[in-house]
Amino acid sequence: MRHITEFSGRRERVAESFRDLKIDAFLVTALPNVRYLSGFTGSNGALLLTADRSLLFTDPRYQTQAPLESDCDVKIAKKALLSEILPWVNRLGARRLGFERTRISFETYDFLKRNAKTSRLIAVDDAVDQLRMVKSTAEAATIKAAVELNSAAFDHALRTFKQGMTEVDLAAEIEYRMRRLGAEGPSFETIVATGPRTALPHAHPTAAVIEPNELLLVDMGATVAGYASDMTRTMGVGRLSPKARRMYRAVLESQLAAIDSIKAGIASSTVDRSARNVLKKHGIEKWFIHSTGHGLGLEIHEGPRIGRKEARRLEAGMAITVEPGVYLEGFGGVRIEDTVIVTKNGCEVLTPTRKDLIVL
Ligand code: ZN
Ligand code: ZN
């Protein structure tokens with residue numbers, strides 16, 4: 001009997017969908033999907049899967065690493081990966097070759113079209129991404145470790161806060177703490193915004209000094225063993241205006257209502273609506289200009305999307321963020337974000353960081 005690993009089990013699930021997808025071989029080129037299905041963590045790799053073969057192609061830099069990480073049959077390509085892969089497509093007799101429609105470049109598609117002479121190319125939408133949405137127990141534990149490390153880095157960095165610090169200073173402190181605590185690095189560029197810049201949902205940290213009596217927004221994530229975490233906290237430095245405090249209370253109420261609505265079986269849009277309804281009650285729904293959350297895992301943004309029109313039903317084991325926010329141009333913004341795991345009857349909030357207004 002063949003030994004089933006975490007990775008071969010996932011490949012078997014992909015192979016089970018070959019009939020529905022009307023393919024007999026699948027070329028996986030998106031690196032997070034390659035990693036998910038093979039264990040390989042290198043920066044150049046592709047997988048060719050058939051019902052009974054799993055070939056992992058990479059280049060000579062990874063000839064030692066790839067067989068250590070992966071249970072696939074490793075092929076080291078001396079030239080471009082595709083020129084090594086195509087002869088195998090022919091050798092394995094793949095008539096209908098699936099490729100990842102949303103993940104390949106036009107150049108790759110063009111190359112395949114011109115050179116895959118004996119195979120028909122079939123666009124596959126998101127077969128692997130669908131599988132990745134529901135996390136295994138081991139994956140959920142890794143995400144939890146990433147979330148907890150991220151919160152610890154936040155606490156350590158805040159302890160170093162002092163007057164005169166700039167947005168960049170605090171962002172650098174946060175990323176340094178992540179590394180010292182054992183993260184591979186940030187899951188995305190840390191956002192630190194102060195004053196009216198908190199109204200920019202994706203502000204890049206600048207040399208601006210973090211001023212007293214203003215809002216301060218930090219959005220950060222640490223990667224641990226390949227898995228992302230994501231958290232936003234909006235704080236006050238000194239005394240906040242009553243208006244800023246009202247915004248904070250409304251967003252917190254909205255975030256808690258959204259978390260409360262989560263359980264397996266409901267549509268993603270229900271979570272979004274729960275967040276939006278609270279903001280509507282406070283008359284600030286129009287300041288909420290993005291969706292309520294997103295899945296995360298090997299990538300910081302993956303399925304499912306938690307948005308207004310998302311009909312997809314939540315399933316136990318999905319890891320998602322809940323992050324309503326309101327942004328008032330020229331004044332400032334408030335966003336509060338946690339990472340949660342969907343369960344049968346609710347969800348487990350992984351983020352341990354407090355959510356009452358932190359005042360520095
Ligand atoms: Zn975030
Ligand atoms: Zn997020």
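From a predicted model like this one, the values you see are computed outputs, not experimental measurements.

Draft legend 1. Quick peek at the sheet that holds strand β5 (residues 96-100). An order of β4-β3-β2-β1-β5-β6 is seen for the six strands of this open sheet, with the pairing classed as mixed. Pairing within the sheet leaves two strands with one partner each, and these edge strands are β4 (73-76) and β6 (120-124). Taken over all neighbouring pairs, the strand axes of this sheet differ in orientation by 25 degrees on average, direction set aside. Pairing of strand β1 (residues 25-28) with β5, which is carried by three bridges, proceeds in the parallel orientation. Its bridge partner being in β5, alanine 25 is matched across the sheet by leucine 97. Sitting on the sheet, helix α3 (residues 31-38) is in contact with β1, β2 (45-49), β3 (54-58) and β5, with an inclination near 55 degrees to β2.

Draft legend 2. Structural detail: the packing of helix α1 (residues 6-16) against α3. Viewed as axis vectors pointing N to C, α1 and α3 meet at an angle of 115 degrees, and their least axial separation amounts to 6 Å. Judged by the inter-axis angle, α1 sits roughly perpendicular to α3. Listed contacts from α3 to Phe7, Arg10, Arg11 and Val14 of α1 are Arg35, Tyr36, Leu37 and Ser38. Its residues placed into classes, the contact of α1 with α3 shows four nonpolar, one polar and three charged.

Draft legend 3. A look at the pairing of strand β9 (residues 214-220). Taking burial as the measure, the seven residues of β9 include six buried ones, the bulk of the element. Direction of pairing for strand β8 (residues 191-194) relative to β9: antiparallel, over a ladder of four bridges. When the bridges of β9 are listed, isoleucine 191 appears paired with aspartate 219. In the sheet, β9 pairs with strand β11 (residues 231-237) via seven bridges, with the strands oriented antiparallel.

Draft legend 4. Inspection of the coordination of the zinc ion (ligand 1) at higher detail. The protein atoms that coordinate the zinc ion (ligand 1) are Asp219 (OD), Asp219 (OD), Asp230 (OD) and Glu337 (OE), at distances spanning 2.1 to 2.6 Å. Angles of 55 to 147 degrees at the metal separate the four donor atoms of the zinc ion (ligand 1), which places the site in the irregular class. Separating the zinc ion (ligand 1) from the zinc ion (ligand 2) is a gap of 3.2 Å, bridged by aspartate 230, which donates to each. Here glutamate 337 lies in the loop between β16 (332-335) and β17 (338-342) and aspartate 230 lies in the loop between β10 (222-223) and β11, a separation of 107 residues in the sequence. The same class applies to aspartate 230 as to glutamate 337, namely buried.

Conventions adopted
- Residues numbered from 1 in each chain as written.
- Chains lettered and ligands numbered in written order.
- Predicted model: local features only at pLDDT ≥ 70, side-chain atom pairs only at ≥ 80, totals over all residues.
- Heavy atoms only, no water.
- Pairing = 2+ DSSP bridges.
- Helix = DSSP H or I, 4+ residues; strand = E, 2+ residues; numbered from the N terminus.
- Axes fitted to C-alpha atoms, helices over the stretch in contact; angles between N-to-C directions.
- Contact = heavy atoms within 4.5 Å.
- Parallel < 35°, antiparallel > 145°, perpendicular 65-115°, else oblique.
- Nonpolar A, V, L, I, M, F, W, Y, C, P; charged D, E, K, R; others polar.
- Buried < 20%, exposed > 50% of the residue type's maximum accessible area, 1.4 Å probe, protein only.
- Donors = N, O, S within 2.8 Å, 3.2 Å for Na, K, Ca; no water.
- Tetrahedral: all angles 85-135°; square planar, octahedral: opposite > 155°, others 65-115°.

On their own, these measurements won't tell you what the molecule is for.
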